Amino acid sequence: MTPTTAPVQANPATAPAGRHFKVTVAGVGPAENRKPAQCPGVEAFCPPDLAGRPVFMVLPGGGYHHHAEHEGRDVALWLNTLGLNAVVLAYSVAAVSVAADRPVDALHPAPLGDARAVLAWLRGGESGLAVDVSRIGVMGFSAGGHLAATLSAGVDAGAGAALDRPELAVLAYPVISMVSHCHEGSVEALLGPHPAASQRRALSADQAVDGATPPTFLWHTADDMAVPVENSLAHAGALARHGVPFELHVFPHGRHGLGLAVNEPGPHPAADWARLCRNWLAGHGWLNGRQAGPT
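Residues numbered from 1 in each chain as written. Predicted model: local features only at pLDDT ≥ 70, side-chain atom pairs only at ≥ 80, totals over all residues. Heavy atoms only, no water.

A. Unusual backbone geometry, seen in detail. Along the chain, H108 connects to P109 via a cis peptide bond; the corresponding omega equals 15°. Looking at the secondary structure, you find P109 in the loop between strand 7 (102-103) and helix 2 (110-123). With a phi angle near 55°, H194 is a residue other than glycine that sits in the positive phi range. With respect to the helices and strands, H194 occurs in the loop between helix 4 (184-191) and helix 5 (197-202). (Helix = DSSP H or I, 4+ residues; strand = E, 2+ residues; numbered from the N terminus.)

B. Molecular detail of the confidence of the model for the protein chain. Here the protein chain averages 87 in pLDDT, while 84% of its residues score no lower than 70. A low-confidence stretch, residues 1-5 (pLDDT under 50), is modelled with 12 contacts involving residues beyond four sequence positions or located in other chains. Taken together, the stretch residues 291-295 has pLDDT below 50 and engages in 14 contacts with residues farther than four places along the chain or on a different chain. (pLDDT = per-residue confidence, 0-100. Contact = heavy atoms within 4.5 Å.)

C. Molecular detail of the side chain of T150. Examined against the element boundaries, T150 turns out to sit in helix 3 (residues 143-153). Polar side-chain contacts of T150 include one of 3.0 Å to the backbone oxygen of L147. Discounting residues that sit within four places of it in the chain, T150 has contacts with L112, R116, V155, L203 and A205. (Polar contact = N/O pair within 3.5 Å; in protein donor to acceptor, adjacent residues only side chain to side chain.)

D. Region of interest: the pattern of salt bridges. Scanning the model with the defined rule gives seven salt bridges in all. The partner of D164 in a salt bridge is R123, and the shortest N-O contact between them spans 2.7 Å. One end of the pair, D164, is in the loop between helix 3 and strand 9 (168-172); the other, R123, is in helix 2, with 41 residues separating them in the sequence. Of the residues examined, R123 reaches a relative accessible area of 21% and is grouped as partly exposed. (Salt bridge = Lys/Arg side-chain N within 4 Å of Asp/Glu carboxyl O. Buried < 20%, exposed > 50% of the residue type's maximum accessible area, 1.4 Å probe, protein only.)

E. Highlighting the environment of H256. Take H256: it is sitting in the loop between strand 11 (246-251) and helix 7 (273-283). Look past the residues within four positions of H256 in its chain and what remains in contact with it is S142, Y173, D224, A226 and V227. Only 2.8 Å separates the side chain of H256 from the side chain of S142, close enough to count as a polar contact. A polar atom in the side chain of H256 sits 2.7 Å from the side chain of D224.

F. Representation of empty space enclosed by the protein. Inspection of every chain in the model, using the stated rule, returns one cavity of 30 Å³ or more. When contributions to the lining of the largest cavity are tallied by element, the ones reaching two or more residues are helix 2 and helix 3. The element best represented in the lining of the largest cavity is helix 3, accounting for three residues. Partitioned by chemical class, the residues of the lining of the largest cavity number six nonpolar, three polar and no charged. (1 Å grid on protein atoms, 1.4 Å probe; cavity = no way out; pocket = protein on both sides within 12 Å on 5 of 7 lines; lining within 4 Å. Points joined across faces, edges and corners; volume = space filled by probe spheres on them. Nonpolar A, V, L, I, M, F, W, Y, C, P; charged D, E, K, R; others polar.)

What follows is the structure in structure tokens.
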């Protein structure tokens, strides 16, 4: 049996601060190296010793209402320990009416537009970051997993026919379907109350998968009470139907929103996802001979 191993993390207290950028309708630009007061914005973790290495866009979860901090910076620093650059995107989230405690307006297509803008910024070399623009991955958690999946599947956000895609995708307990086994909070934030069935289908990532969708690593827990495991199963099925390489891991237990699962009591079985993902990345040649961990 494969041993469960916790991911090796950089110490956030001693890790260098990331560089900050803002995302606007005009594109991505500098934010005077401090975190913008409001999203959308990007924090880049691309240290000099990783110049020329691949980069991952990290998309934290939060139901399209906020960003889960432990699924952003901590994940970026972990990717750095693997020899990978990372940028964390604080994508647009829903404005919530205090009186009604619900989204004011439908959010779509703003988050997908943000992700596409950052992908184009990285791909075109305008970022000034010393990364391999031919190897850009996306890693999303929960609602961020939905954003990563729709970006990877080529869902249009008003960008026209030429839709770029990342080369690899990692989806952690992702929101996938807006038709079946839904996370209704994400649905309402993106599409507003009572969206039409056609809108739900258009934003269901499993229904958008095609042969150009990149190889994908997925993981979930079987008893996730917030985003049912059927979401990952449906996406894996769609990938299989279109001949897209994928790896799926379902762990028997674990709450929603585990992130790297390093702060759970005891050796948590789901913490092994990081080692499995690291080996998957090594199998795709993205670690360039770096230690892939125990097998």
